[in-house]
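Structural characterization, general
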Amino acid sequence: MKNDLVSWKGNPLYIGEWCLAASASSPNFTDDQLRQYAQVQMDTFQSAAAGWTYWTWKFYNDDGSRNPWSMKDMINRGFIQL
């Protein structure tokens, strides 16, 4: 995907509404693997000239549990590093 983003010649691309929910809910993903996956996503999406947006800053009932829909929680837990 990163190669496609870098080589894109049309209008600036914008990546919207991505999150770590599908991978975080996988019982096979360790915390370290989830951090790695998040970093690969971020590295890839940085190539989109118009930027990117995470699904939501704070998901409702965000009680401090591992909530992959919440960017705030993923940052606080160290899964996403800006």
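Just so it is clear, the structure is predicted and the values come from calculations on it, not from any experiment.

Scanning the protein from N- to C-terminus turns up 4 helices and 2 strands. Ordered by position in the sequence, the α and β elements of the protein form the string α-β-α-α-β-α. About 5,400 Å² of surface is accessible on the protein, with carbon and sulfur atoms providing 51% of the total.

Below, the discussion takes up the nonpolar core. The biggest cluster of nonpolar side chains holds 16 residues, and the ones touching the most others in it are I15, W18, L20, Y54, M74, F79 and I80. Contributions of two or more residues to this core are made by β1 (15–18), α3 (31–45) and α4 (71–76). In terms of residue count, α3 provides more of this core than any other element does, 4 residues in total. Residues contacting F79, with those up to four places away along its chain left out, are L20, D31, L34, R35, A38, R66 and M74.

We now examine unusual backbone geometry. Although it is not a glycine, E17 adopts a positive phi angle of roughly 55°. As for its placement among the helices and strands, E17 is situated in strand β1.

With that out of the way, let us pick up the confidence of the model for the protein. Looking at the protein as a whole, the pLDDT averages 86, with 88% of positions reaching at least 70. Across the protein, the secondary-structure element scoring lowest on mean pLDDT is helix α2 (residues 21–24), at 71, and the one scoring highest is strand β2 (residues 52–54), at 93.

Turning next to the pattern of salt bridges. In total, this model carries 2 salt bridges according to the counting rule given. A salt bridge links D32 to R35, with the shortest nitrogen-to-oxygen separation between them at 3.2 Å. Taken as a pair, D32 and R35 lie in helix α3 at a separation of 3 residues, close to a single helical turn. Classification of R35 as partly exposed rests on a relative accessible area of 28%. For the salt bridge of R77 with D73, the shortest nitrogen-to-oxygen distance reads 3.2 Å. The exposure class of R77 is partly exposed, given its relative accessible area of 35%. Here D73 falls in the buried class, since its relative accessible area comes to 5%.

About the criteria used
Residues numbered from 1 in each chain as written. Predicted model: local features only at pLDDT ≥ 70, side-chain atom pairs only at ≥ 80, totals over all residues. Heavy atoms only, no water. Helix = DSSP H or I, 4+ residues; strand = E, 2+ residues; numbered from the N terminus. Areas by Shrake-Rupley, 256 points an atom, 1.4 Å probe, with all protein chains shown as cover. Core = buried A, V, L, I, M, F, W, Y, C linked by side-chain atoms within 4.5 Å. Buried < 20%, exposed > 50% of the residue type's maximum accessible area, 1.4 Å probe, protein only. Contact = heavy atoms within 4.5 Å. pLDDT = per-residue confidence, 0-100. Salt bridge = Lys/Arg side-chain N within 4 Å of Asp/Glu carboxyl O.

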